Each structure stands twice: as C-alpha cells, then as structure tokens.
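Fold and geometry: a report
Read off the chains here:
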Amino acid sequence: MKKESKFEPKIVTFICTRSSHAMQKRRELKFPDNVKVIRIICLGRINPSFIFKTFERGADGVLLIGCPIDECQYSFGSKLAEEHLFTTKKIGNLLGIDKARLKLVNISLTKDLKFKSKVNKFFRDVKKLGPSPLSNR
Amino acid sequence: MNILTETIKKTNVYFCLDCGKCTSICPVALRNPEYSPRKVINAAVHSTPEEFFKSELLWECLTCKTCKERCPSDVYFSGFIRDVRSAAMEKEKKPECSHSGTLQTLMRIMTKPALSQNRLGWVTPNLKTSKENDYLYFVGCSPYLDAYFEYLDIDTIHSSRSAIKLLNRIGIEPTLLENERCCGHDLLWTGDVENFKKLAELNIEEIKKSGCKKIVVSCPECYNTLKVDYPKYLGDFGIEVIHITKLLVENLENDKLKFRNFKQKIEVTFQDPCRLGRYSGIYEEPRKLLEAIGKLEIIEMPRSRKGSICCGTSAWANCNMVSKQIQTDRLKEAKSTDADLLVTACSKCQIHFKCAMNDENTPESAKIKNVDLISLLADRLK
C-alpha cells in the first residue's frame, strides 16, 4: 500500500451560519473526523489572517463554505469573502501553498450547486497533495 | 535580578535625567498627552515586571529613535523598548497587530524550513540577474506587500524592478534568492526574538549558499536588520551589507549613471525613513541621487534628516488614531513646502502615507503625490 493513502489531512472549515443550516436541511454531507468546523456569522467575517493563521498552525487544507453572492443575508458578505480569498490566494501562491489546499464552496437552500461532490473533491485533492509544507510534519 | 531590572541595567535607562527633552520631540507624545518616554522609564523603574508588562505604554513607541537624538544622557529608549517587548512576549503579552496580524503570520510562516516560495515571478526578462555573482540583491517583502496592499495602489514590485535596473546600469547583474525570507525586522521590534532568529538563520544559510561577497539592499529596514541586528543576535556572518543608495552615489561620478532631466522644473521633498536616517546615518546619499536629476530641486521639510518624523506606525503593530494624526501632520508638513512630490525611500512609509491619504477625513492640505526614491531614479535613467 502506498504511504499517501494512510495520510489523513488536517482540514479546517470555516462555515457561515446560514450555510450550516442549509447543510443540515439538505442533508448534504457529514464531515469526517479529520475536519474541524468553525462556524462564523457570515463568510464576510474571514480575512487573509484567518486563513494564514490556520495554515501556520498546521492545517493541510482550508475549506470555506458560504452562500452564493446573491443569497448572502448580509448582502456584501460573500463578495467580501471572495475578495479576501483573491488576496489570500495571491499571497498563498508566493508562499508556495498549493492552490488546491484552499477552496471556497457555495451552498444554497434552493439551488443544487453540486456542493457534496465539490467538497469531496477538495478532500480528495488535499489528501493527494500530502502534508502541507507548513505543517511541521 | 528580575528580567525587567536586567533590561533596565543593560540599556542604561537609569541614566534618564527626567529632563523631558524626549517628550518634546516624540511624535507619539505630541499627539497623545498620556504618553511620554520618560514616563515609560519611570513606570519601568518603579513597578513590578508583572505590572509593567501589562501596560499598554510598552507598545506605543514607534522605535523611531528621535528621542535618542535629543537625549543628553544618550539613553537608547528604542533599544530598551525592543528588549522589554521581548521580555513581555515571553510572558505572553502581545501587541495589537494591524491587519488582524496577517503580516506577522506571514513572517512566522516563513520560519518553516520546508517552505518553498514562488517569489520571483516579477523578474521580467529585461532585468539581468545571474545565478552566481559577487553581489546579491536582497529583495525584501515587496512581492508580499504588493499583493496585500493592492487596494492602496502601491507598486512595491516596481521599486524592486527599479533597483535591479539601476544595478544593471552600473554593471551589476545581481543574484536573487529563490527562497529569501522576511528579514525579521518586524518580529524583532515587536518582541518575537525567537522567530526573528529562525528567519535570520535561514536567510544567512541561503545567502552563504549563494556564494555572494556583498549584499545590496534597498529596503531601509532590511538594511539595518541585516547589517546591525543579524551580527548582533547571531554573530558576524562575514558578508558586507550595502545600501543601494551608497553604491549608486559611488557610480554617479563616472558615466555609468546618468539621469534624464525633467522637462519642467520640479520640486520634491524627502522623507528620511527612520531605519535609513537615524539608524544607519544615510542622509546625504538619497539627496545626492535626487540632485543628479536635472531640473529637480529638493525642498526640505522643517523637520528633516535627524529630526525627521516617523511615518506613524512601526512593525505593523499598534496602528491607531495617534498614528493617523502623526501621518496627517507629516503629510501637511510635506505639502506646506509646496513641493510637487513627496519622495520616500521605504515602502512602509509609502504604504502608511497612502493609507492616511485614502482616509476620507484627511484634508486636502495633507494630500501630496508620493513616489518611491528607487522607482523615481530608475524611471529617469538615460
């Protein structure tokens, strides 16, 4: 058996309140044990600091779950999150953090956005990448 | 002896005569009547370490070294602050970091040995660099600052490209480090000596591996850190560190460096960065280079050279209303010279001034076009 298959990545998920309700209602997905979930009021609350701090503390992947821009109840939150994600990805690229380690996935109460398959693909991608170079492992 | 008493003894703050000259010049004290360097010294001498390390006073200082220029007892207050911050950090007391601490986090991420950066994507084919050369150009954090402060319309990358362009003109094709890390300046001055040392060790290792004999630096903070603090904390690493302005001035007299004149007369004023001026004593070189551009006249601000005022925030910590007021005051001072341009030699000064000017409450009397010295020089190359 290959060594990578034994590797269980540490994944941190930031999820907005509304999206977590949507997940519950749609019964989309149950997170595996290696995923730490941090619920925040709106994804607009995150900034590059949240994400880099998570990588600094040893996460192998960071997943952001929020509402589509037109469904954000704060109206500006999802857009702000995307802007922060853009800056974070640019800096992440400079630091050599693989872009597959950081992903934003939208979930909607009304529309099917292929949430489950996108999240599972993210989990698989992070597992394939192996430990993060910043994780001290 | 407790850690506070030890630091007091080591940095000679017992020599404070309580004369208050520092307070009359300190940019923070001018805007915050609650603050005074001598008050901090009194508090340090008369309180227990537990009380003192809890105090907010510890994090107010900009470490701009203006007070040392005035102090009749030659108390090195900034050095005292740096050392007590490191002692406070050991007791888990931390500063309030601006930008939610993102920049400090990036610096700590850079202490990871396995890090493999993609930081040289900005090196365009017209810039001549080499794999091995006697000269190494230490870029500093400009790729990161450029990405993070995009919203301020700051082009720190242009400054790095300009530095290489100028070096090419004087016949140097410098080596660049693929995995250069932050020099650690901001961590050192906010008390995180442990991570500063990690960064310094990794940088020194990379620098030595490159086989260079001299390091050229354009960022004043990197310059002071590499030249003074690396040897101080880790011992001499045997490679000369030169500020780019010194190297360029040496080449002004021969024909290697010539600048295009401005079409119309232009007046500029120069902001001496703390780490370049008071810390490194480089006052004349930037001015000589500016004067080499025809039809450019330098108009000094009332407070310049040794008396120059800091840009208001240091080491990405404690940016508050006082910082904003210091910045506005300084910008007004620059504007009052009637100069067309405010030239700065430090990316951080530029970022702080731009940020202050972006504030909707900043009056028109504090808005002046701000350019980087190295970029200005490279743009005027013949």
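Just above sits the structure.
Heads up: these notes are all about the structure in this document.

**Focus: the packing of helix α12 (residues 193–210) of chain B against helix α13 (residues 220–234) of chain B**
All names here are of chain B. Where α12 meets α13, the axes come as close as 10 Å, and the angle between the chain directions of the two elements is 110 degrees. Taken together, the axis directions place α12 and α13 in an arrangement best described as roughly perpendicular. Contact residues: α12 offers Val193, Phe196, Lys197, Leu199, Ala200, Glu201, Asn203, Ile204 and Ile207, while α13 offers Thr225, Leu226, Asp229, Tyr230, Tyr233 and Leu234. Taken together, the residues that form the contact of α12 with α13 break down as 10 nonpolar, 2 polar and 3 charged.

**Thoughts on the sheet that holds strand β3 (residues 240–243) of chain B**
Residue and element names in this part refer to chain B. Strand order in the open sheet formed by 3 strands is β1-β2-β3, and the pairing between neighbours is parallel. A single partner strand is all that each edge strand has here, and the edge strands are β1 (135–138) and β3. On average, each strand axis in the sheet is inclined to that of its neighbour by 30 degrees, with strand direction left out of account. For strand β2 (residues 214–217) and β3, the ladder comprises 4 bridges, and the chain directions are parallel. When the sheet's bridge partners are listed, valine 217 is paired in β3 with histidine 243.

**Notes on the pattern of salt bridges**
As a working rule, side chains carrying opposite charge can pair if their charged atoms are close by. Residue and element names in this part refer to chain B. One pass over the full model with this rule turns up 28 salt bridges over all chains. Between glutamate 297 and lysine 265 there is a salt bridge, and its shortest N-O distance comes to 2.9 Å. Of this pair, glutamate 297 sits in strand β5 (residues 296–298) while lysine 265 sits in the loop between α14 (244–250) and β4 (266–271), and the two are 32 residues apart along the sequence. Taking relative accessible area as the criterion, glutamate 297 reaches 35% and is therefore assigned partly exposed. The class of lysine 265 is exposed, set by a relative accessible area of 55%. Across the salt bridge formed by glutamate 300 and arginine 305, the nearest N and O atoms sit 3.7 Å from each other. Salt bridges sharing common partners tie together Asp272, Glu284, Arg287, Glu300 and Arg305.

**Thoughts on the sheet that holds strand β1 (residues 11–16) of chain A**
Residue and element names in this part refer to chain A. Pairing in this open sheet of 4 strands is parallel, and the strands run β2-β1-β3-β4 from one edge to the other. Both outer strands of the open sheet, β2 (35–40) and β4 (102–106), are each paired with one neighbouring strand and no more. Each strand axis lies, on average, 20 degrees off the axis of its neighbour in the sheet, ignoring direction. Examined bridge by bridge, β1 and strand β3 (residues 61–66) share 5 bridges and lie parallel to one another. Paired with isoleucine 15 across the strands is isoleucine 65, a residue of β3. Most of the contacts of helix α1 (residues 17–26) go to β1, to which it runs at about 100 degrees, and overall it touches β1, β2 and β3.

**Overview of the state of the cysteines**
Enumeration over the complete set of coordinates arrives at 0 disulfides over all chains. Lacking any disulfide linkage, cysteine 310 of chain B is separated from the closest cysteine sulfur, that of cysteine 274 of chain B, by 4.0 Å.

**Remarks on the side chain of threonine 102 of chain B**
Residues and elements named next belong to chain B. Summarising the element assignment, threonine 102 is placed in helix α8 (residues 102–109). What makes threonine 102 buried here is its relative accessible area of 0%. Polar contacts involving the side chain of threonine 102 include one to the main-chain carbonyl oxygen of histidine 99, which spans 2.7 Å.

**Remarks on the packing of helix α2 (residues 48–56) of chain A against α8 of chain B**
Their axes nearest at 9 Å, the elements α2 of chain A and α8 of chain B cross at an angle of 25 degrees. Between α2 of chain A and α8 of chain B, the angle falls in the class roughly parallel. Between α2 of chain A and α8 of chain B lies a crossing of left-handed hand. Packed against α2 of chain A, whose contacting residues are Pro48, Ser49, Phe52, Lys53 and Glu56 of chain A, the element α8 of chain B presents Thr102, Thr105, Leu106, Arg108 and Ile109 of chain B at the interface.

**Topic: helix α1 (residues 3–10) of chain B**
Residue and element names in this part refer to chain B. The complete set of buried residues in α1 reads Leu4, Thr7 and Ile8. Taken around the axis of α1, the buried residues stretch over an arc of 100 degrees, which confines them to a single face. Buried residues along α1 sit in contact with α4 (37–46), α5 (49–54) and α7 (77–90).

What counts, and where the lines are drawn
Residues numbered from 1 in each chain as written. Chains lettered and ligands numbered in written order. Predicted model: local features only at pLDDT ≥ 70, side-chain atom pairs only at ≥ 80, totals over all residues. Heavy atoms only, no water. Axes fitted to C-alpha atoms, helices over the stretch in contact; angles between N-to-C directions. Helix = DSSP H or I, 4+ residues; strand = E, 2+ residues; numbered from the N terminus. Parallel < 35°, antiparallel > 145°, perpendicular 65-115°, else oblique. Contact = heavy atoms within 4.5 Å. Nonpolar A, V, L, I, M, F, W, Y, C, P; charged D, E, K, R; others polar. Pairing = 2+ DSSP bridges. Salt bridge = Lys/Arg side-chain N within 4 Å of Asp/Glu carboxyl O. Buried < 20%, exposed > 50% of the residue type's maximum accessible area, 1.4 Å probe, protein only. Disulfide = S-S within 2.5 Å. Polar contact = N/O pair within 3.5 Å; in protein donor to acceptor, adjacent residues only side chain to side chain. Left-handed = near helix turned anticlockwise from the far one by under 90°. Arc of directions from axis to C-beta.

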